[in-house]
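Examining the three-dimensional arrangement
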Amino acid sequence: MKAVVSGATRGIGNAIAIQLAKEGYDLVLLARNEGQLKQLKEKLIGYKISVDFLAVDLSSDTTIEILEQNSELFKDTSI
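Please read these numbers as outputs of a predicted model, since none were measured by experiment. Think of each chain on its own: its residues are numbered from 1, step by step along the sequence as written. Local features in a predicted model are, by the rule used here, given only for residues with pLDDT of at least 70; side-chain atom pairs are given and counted only at 80 or more, and totals for whole chains, interfaces and linings are based on all residues. Water and hydrogen atoms were dropped before computing side-chain values, which therefore reflect all heavy atoms in the structure.

1. Examining the overall build of the protein chain
Formally: Secondary structure elements follow DSSP: runs of H or I of four or more residues count as helices, runs of E of two or more count as strands, with numbering from the N terminus. When we talk radius of gyration, it's over C-alpha atoms, and the globule rule is simply 2.2 Å times the number of residues to the 0.38. Think of it in three bands: residues with accessible area under 20% of the maximum for their type are buried, residues over 50% are exposed, and the middle band is partly exposed, with areas taken using a 1.4 Å probe on protein chains only.
The helix and strand inventory of the protein chain stands at three helices and four strands. Counting helices and strands in the order they occur from the N terminus, the protein chain gives β-α-β-α-β-α-β. The C-alpha atoms of the protein chain give a radius of gyration of 12 Å, which matches the 12 Å a tight globule of 79 residues would have. A principal-axis box enclosing the C-alpha atoms of the protein chain has dimensions of 35 × 25 × 20 Å. Looking at the protein chain as a whole, 34% of its 79 residues are labelled buried.

This is the structure in structure tokens:
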């Protein structure tokens, strides 16, 4: 299964991403900082899962447009 985690680079979002990776979920990580997303991806692929990420500020006026442009990342995701 695949899950989407927002705020994935810090706090609760980070803890959730790590736990889901341990449980074998493929992940789509969302956060504002691309560099931190890349670092987290490198850490999580050690769990032998697929990790995609998208640097996006969910409070931005362009969020919907960015998510629509990258909709292929969200195919087969769990809520």
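Resuming the write-up.
2. A short note on the pairing of strand β3 (residues 51-55)
Keep this limit in mind: Two strands pair if DSSP finds at least two bridges between them.
When strand β2 (residues 26-31) meets β3, the two strands line up parallel, connected through five bridges. Residue pairing in the sheet places leucine 29 in a bridge with phenylalanine 53 of β3.

3. Some points on the pattern of salt bridges
Stated precisely, the cut-off is as follows: Every case where a carboxyl oxygen of Asp or Glu lies within 4 Å of a side-chain nitrogen of Lys or Arg is listed as a salt bridge.
Inspection of the entire model under this criterion finds one salt bridge. Notably, a salt bridge pairs glutamate 34 with lysine 38, separated by 3.8 Å at the nearest N-O pair. With glutamate 34 and lysine 38 both in helix α2 (residues 34-44) and four residues apart, this pair spans about one turn of that helix. Glutamate 34 gets classed as partly exposed once you look at its relative accessible area, which sits at 42%.

4. Observations concerning the pairing of strand β1 (residues 2-6)
Quick reminder of the rule: With the strands aimed away from the viewer, a crossover counts as right-handed if its path from the first strand over the helix to the second runs clockwise.
Bridge count for β1 against β2 is five bridges, and the pairing is parallel. Note that in β2 the partner of serine 6 across the bridge is leucine 30. In terms of handedness, the path from β1 via helix α1 (residues 11-22) over to β2 forms a crossover that is right-handed.

5. A word on the confidence of the model for the protein chain
The criterion, for reference: Note: pLDDT gives the predictor's confidence per residue, expressed from 0 to 100.
Of the residues in the protein chain, 96% have a pLDDT of 70 or more, and the chain-wide mean is 90. Considering each helix and strand of the protein chain separately, the mean pLDDT is smallest for strand β4 (residues 77-78), with a value of 62, and largest for α1, with 98.

6. Considerations on the environment of alanine 3
Locating alanine 3 in the fold gives a position in strand β1. Here alanine 3 falls in the buried class, since its relative accessible area comes to 8%. In sequence terms alanine 3 and alanine 31 are 28 residues apart; their C-alpha atoms lie 14 Å from each other.

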